[in-house]
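Report on the structure
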Amino acid sequence: MTIFQAATRATVAARSAPTRPRTREGWRDRLAGGVTVGAVLLLALGAPTIGEAPEPTSTDQAPTVRDNRLELKLFADAPDIATPIGIAVDDANRVFVLESHTHLQASDYPGPRSDRVKIFTDDEGDGRPDRISIFADGIDDGMTMAFSPAGELFVVTSRSVLVLHDRDRDGVSEARTRVLQMVKPERVYDHAALLGIAFSQDGWLYVSRGNTGSAAWRIEGTDGSSVRGYGDGGNIIRCRPDGTRVEEVATGFWNPFGLQFDARGRLLATDNDPDGRGPNRLLHIVEGGDYGYRSLYGGSGIHPYLAWNGELPGTLPYAAALGEAPADLYVAARGGLPPDYRDDVLVAIWEERTIVRVRLKPWGASLRGEAVPLVEGGDRFRPVSFAADGRGMVYVTDWGKREYPNHGGGRIWRVSSRATKTAAARRSRRMPADGANAGLLPTLGTALRPAALDRLRTRLADPDPFIRHAAVMTLATPEHADRLPALVEDPDPTVRLGALLALERSRHAASEAVARRLLGDPDPLVRRMTLIWTGRSGLTALAGDLDRALAAGPATRELFDAYLATVQQLSREFVRAYASEAEPYAREIERRTPPGFVEAFINDVTRPIALRAMAVAALGNEPSAIPVLAKIAAPDSPETLRTEAVRSLGVLEDGAAAAALQAIVRDDSQPDSLRADALVGLAHQRADAAAEIVPLLNDRSILLRLEAARYLRSARLSDDTRALALENGATIRGPRAGEVRAQLAFLDAGAARRPRTFTQMTAVLTAGRGDAETGRRVFFSPASGCSSCHGFNGRGGDLGPDLTNVGRSKTRPQILDAILRPSAEISPDYQGWFVRTADGRLHTGRQIDVGEGGKAELYVVGGKFITLENIVEYGPLPTSLMPSGLDEGLTDQDLRDLVALLAPAALKR
């Protein structure tokens, strides 16, 4: 699920376009949407011949269930149901289904103009509906729904929570009440607004909200109570069922769709992942919990202030890793499944066409589990939501197709235990509670006695992050305000960390003085978190003290990244703009280092060489950095700095960059690795150096031989130079000679490259070992094209998602499948769109805005934005914008090396 997918309707003029980002960074964020398997490598390779792909799953293949104790049957199909999303079952076992008709409607959509709720009644209990009726219509952007313990149907739309009343019990809703309303922003992508719903045992209504793309937001209840934010992550809020007493429960999410309480009163949620961070998550939600994401820091998920699995103190980890685009979840204790499912949950994984079973087990004060496939389907199986009736039947809505816009298809499935042959006893809407771990989180006590404080100190050092969180929550209360400053003197760094977090959470009056001292703490993690605290709190008075965090002891890469981010965060311009909500989207506010700051840092010989090298990448990919980088790449600079400068020059196309790189390649006194990196960078330049590169095919260095061959693949060669290169290649002997010849084979126009199946490519991957360092050169080589659209470790393109952490959420088979079948799974934000104008011209690209005045904006090939007028038709393209045939441009070893870089360890899921 992504943020900036265009919000279209039946006609182009149905909605006005959102405010255009004003900065280059704003445009980058606008384009950097969620990455799924199909968009994991958006590589510009021209239009190579499409290789043989794995046989696609038949669109008519019914999903199958792995547990032979269960059976899966079709309950309803189109045209009786169309694009179903939410589902709920009432006390009479009637199945209520929310039909979506307003989700990204194409201009020619033939269906209803609003969403509606249908009732499917199975009077005979034979698993097929006997009657279908419409309960309510006139709903816009419906997301999900649930019955309250009182038996009223609550519907969540992207901007409101409605109660649909049927007071006369005639099966038709005659009135509705709005209990929650998102009053800001005026417009937001559906899946970044209101999403999920659940009711707790103590009578509260819980609702989840997406991150609104960093736009300022406010949600109001019926009594005027409200919650608001700007640039934060998605959150979970609660109120009374009548819409009063609105308050926040937890934050730090991307887009949390599913929300349910388990049998022990624990609140569980599913959450999608930002682009460069993964995997998707099943979360145990506790009061005051921070789950690590803030939209202020962009869509990649790799900013040093962000966490995804509790990596930063004060954030909480996930309970289980999930596949791409998880939707709703079902708590098995609600009934209908065998007894050994009691502590498990089922999750609909929309993108991967599966329903997984997560077997949850106690893990300290929380729980952990691993997702395993339970139901698997073909291309037409896209599960979304669950509901169970009183007879032990579990119903699943199925969107039906990969298409995000409404398409009119869809189904409803019914899962049941084969042992369930007769009606079960009616189950209460209230989940049974065992008593253990009931509620969101046990309190740890707030007594002011010294003994109580000693217990809290012990809990701050507890290895369980949920216990530490509870201790921080307790210490952040006003009752402990006077005791907090003393705890930051504790000899245990974990206690100091906990006290620091409580100070930040409570906005303590002594925050500035304490933070200034902790910037010099002997523990690097304390210093790092103090930097983050300083930046998040906008403590601009400490801007001159930040260097203490680097000077107090050895500095890690994580510490340096936090330091640089905090320098940017404490810019007075940023602090003022953020406080005043100066931009529609918080992440469009520029955070810049002071002019000359990074260059001065690099040139400061009193600083450790390792820190200065880290700063080189921070110069950025702008042409203005080239003179500085060229100077650093000169022979009189330390080799560590030169290496970083050469790598940065390699992603910048410029005459001065080419000259600096060419000089390094020519100088055989330079280290082989440096010359090899310079060759990779030189291949991106317009300079014609092919004639002097050919002799390197016979160089003593294996590295230079290989990179020379890779360079020649991307160069414009004359017939004579090509012939000379092939002649040299034929005489190569020694280690890795075969790899060099495999690269040069691309120069031979008559050499046929056989398309490979997924099975064959998997065999290639396992036939040898990959090398991540060589994979880095493959990634940044024009021969692969990866870096033209994607970044890695701070360098590369910004059109597509950053791939630094893609191996955390994508398995090697998924990456291979993305290479071979880019159109099989298309991320919504990378969906190709066509626009036909009144003059008959057809335009294609990525849709950015469709709005008022009959205008549309596309991002098209060549990195340009175009605005189109007089539109007569528009809609999604059936294939991906990512070129097919990537494997045709990779040698066997290239493939192994590239995967070793992107997925260094096999991901278990």
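Owing to the predicted nature of the structure, the values given are computational and were not obtained by experimental measurement.

Criteria and cut-off values
Residues numbered from 1 in each chain as written. Predicted model: local features only at pLDDT ≥ 70, side-chain atom pairs only at ≥ 80, totals over all residues. Heavy atoms only, no water. Pairing = 2+ DSSP bridges. Helix = DSSP H or I, 4+ residues; strand = E, 2+ residues; numbered from the N terminus. Axes fitted to C-alpha atoms, helices over the stretch in contact; angles between N-to-C directions. Expected span 1.5 Å × (residues − 1). Buried < 20%, exposed > 50% of the residue type's maximum accessible area, 1.4 Å probe, protein only. Contact = heavy atoms within 4.5 Å. Polar contact = N/O pair within 3.5 Å; in protein donor to acceptor, adjacent residues only side chain to side chain. Phe/Tyr/Trp six-rings, centres within 6.5 Å; stacked < 30°, edge-to-face > 60°. Core = buried A, V, L, I, M, F, W, Y, C linked by side-chain atoms within 4.5 Å. pLDDT = per-residue confidence, 0-100. Salt bridge = Lys/Arg side-chain N within 4 Å of Asp/Glu carboxyl O. Parallel < 35°, antiparallel > 145°, perpendicular 65-115°, else oblique. Left-handed = near helix turned anticlockwise from the far one by under 90°. Nonpolar A, V, L, I, M, F, W, Y, C, P; charged D, E, K, R; others polar.

Let us look at the sheet that holds strand S19 (residues 280-285). The strands making up a sheet associate through backbone hydrogen bonding, with each pair oriented either parallel or antiparallel. Pairing is antiparallel across the open sheet formed by 4 strands, whose spatial order is S17-S18-S19-S20. The open sheet has two edge strands with one neighbour each: strand S17 (259-261) and strand S20 (320-322). Averaged over neighbouring strand pairs, the angle between their axes works out to 25 degrees when direction is ignored. Here 5 bridges tie strand S18 (residues 267-271) to S19, and the two strands are oriented antiparallel to one another. Within the sheet, the bridge partner assigned to Asp 271 lies in S19 and is Arg 281.

Within an α-helix, residues lying three or four positions from one another point in the same direction, as the helix has 3.6 residues per turn. The end-to-end C-alpha separation of helix H7 (residues 524-536) is 18 Å, in line with the 18 Å expected for 13 residues at 1.5 Å each. Within H7, 10 of the 13 residues are buried, leaving the element largely enclosed by the surrounding structure. Taken together, the buried positions of H7 are Val 526, Arg 527, Arg 528, Met 529, Thr 530, Leu 531, Ile 532, Trp 533, Thr 534 and Gly 535. Looking at the buried side of H7, the elements it contacts are helix H5 (493-506), helix H6 (511-518), helix H8 (548-551) and helix H9 (557-569). Of the residues that open H7, the one with a side-chain oxygen 3.0 Å from the backbone nitrogen of Leu 525 is Asp 523. Directly after H7, the chain includes Gly 538, whose backbone phi takes a positive value near 65 degrees.

Our focus in this paragraph is the packing of aromatic side chains. This structure, assessed with the given rule, holds 19 aromatic pairs. Consider the rings of Phe 96 and Phe 147, whose centres lie 5.1 Å apart with planes at 85 degrees: the pair is edge-to-face. In this pair, Phe 96 sits in strand S4 (residues 95-99) while Phe 147 sits in strand S7 (residues 142-147), placing the two residues 51 residues apart along the sequence. Owing to a relative accessible area of 11%, Phe 147 belongs among the buried residues under this scheme.

Below, the discussion takes up the nonpolar core. Ranked by internal contacts, the top residues of the largest apolar core, which has 103 residues, are Ile 693, Leu 697 and Leu 712. By size, the runner-up hydrophobic cluster in this structure holds 65 residues, among which are Phe 135, Phe 147, Leu 153 and Val 396.

The subject of this paragraph is the confidence of the model for the protein. Across the protein, the average pLDDT comes to 84, with 84% of residues at or above 70. Counting interchain partners and residues more than four positions distant, the pLDDT-below-50 stretch residues 1-59 has 220 contacts. Below pLDDT 50 for its whole length, residues 421-440 participates in 59 contacts with residues either more than four positions away or in separate chains.

Moving on, we come to the pattern of salt bridges. Evaluation of the coordinates by the stated rule reveals 52 salt bridges. Between Arg 777 and Asp 677 there is a salt bridge, with the nearest N and O atoms lying 3.0 Å from each other. Taken as a pair, Arg 777 in helix H22 (residues 772-779) and Asp 677 in helix H16 (residues 672-682) lie far apart in primary sequence, 100 residues in all. Overall, the relative accessible area of 3% leaves Arg 777 in the buried class. A relative accessible area of 5% means that Asp 677 is categorised as buried. For Arg 713, the salt bridge is made with Asp 894, and the minimal N-O distance between the two is 3.9 Å. Of this pair, Arg 713 sits in helix H18 (residues 702-714) while Asp 894 sits in helix H24 (residues 892-902), and the two are 181 residues apart along the sequence. Here Arg 713 matches Asp 894 in class, with each residue buried. Among the charged side chains, a salt-bridge network with shared partners connects Asp 67, Arg 69, Asp 340, Asp 344, Arg 357 and Arg 359.

Take the sheet that holds strand S22 (residues 344-349) next. With respect to topology, 5 strands assemble into an open sheet ordered S1-S24-S23-S22-S21, the strand pairing being antiparallel. Every other strand in the sheet has two partners, leaving strand S1 (64-65) and strand S21 (326-331) as the edge strands with one partner each. Judged from the 4 bridges that link them, S21 and S22 form a sheet pairing that is antiparallel. The partner of Tyr 330 across the bridge, within S22, is Leu 346.

In terms of burial, strand S27 (residues 411-417) is a largely internal element, 7 of the 7 residues being buried. The two faces of S27 match: Arg 411, Trp 413, Val 415 and Ser 417 on one face and Ile 412, Arg 414 and Ser 416 on the other face are all buried.

It is worth spelling out the pairing of strand S23 (residues 354-363) at this point. When S22 meets S23, the two strands line up antiparallel, connected through 6 bridges. Paired with Val 347 across the strands is Val 356, a residue of S23. Between the end of S22 and the start of S23, which pair antiparallel, lie 4 residues, with Arg 353 showing a positive phi angle near 60 degrees. For S23 and strand S24 (residues 366-376), the ladder comprises 10 bridges, and the chain directions are antiparallel.

Glancing now at H9. Helix length check: H9, at 13 residues, gives a terminal C-alpha distance of 18 Å against a target of 18 Å (1.5 Å per residue), a fit within 8%. For H9, the set of buried residues is Leu 559, Phe 560, Ala 562, Tyr 563, Leu 564, Ala 565, Thr 566, Val 567 and Gln 569. Those residues of H9 that are buried lie in contact with H7, H8, helix H10 (572-579), helix H11 (597-603) and helix H12 (609-617).

Right, let's talk about the environment of Asp 521 for a bit. One can find Asp 521 in the loop between H6 and H7. For the pair formed by Asp 521 and Gly 553, sequence separation is 32 residues and the distance between their alpha carbons is 8.7 Å. Discounting residues that sit within four places of it in the chain, Asp 521 has contacts with Arg 496, Val 526, Arg 527 and Ala 552. At 2.8 Å, the side chain of Asp 521 forms a polar contact with the side chain of Arg 496.

We now examine the side chain of Gln 260. Here Gln 260 is to be found in strand S17. Here the side chain of Gln 260 touches Arg 334 through a polar contact of 3.0 Å, side chain to side chain.

Checked against the element boundaries, Ala 676 lands in helix H16. In the structure, Ala 676 is positioned 35 residues away from Tyr 711 in sequence and 10.0 Å away in space, judged by C-alpha atoms. Sequence-distant contacts of Ala 676, that is, excluding residues within four places in its chain, are made with Leu 703, Leu 704, Glu 707 and Arg 777.

Interhelical geometry of helix H21 (residues 758-766) versus helix H23 (residues 812-820) gives an angle of 130 degrees and a closest axis separation of 10 Å. Relative to H23, the element H21 is oriented oblique. Two packed elements cross with a definite hand, and for H21 against H23 that hand is right-handed. Residue-level contacts link Phe 758, Met 761, Thr 762 and Leu 765 of H21 to Arg 812, Pro 813, Leu 816, Asp 817, Ile 819 and Leu 820 of H23. Here the residues of the contact of H21 with H23 are counted per class, giving 7 nonpolar, 1 polar and 2 charged.

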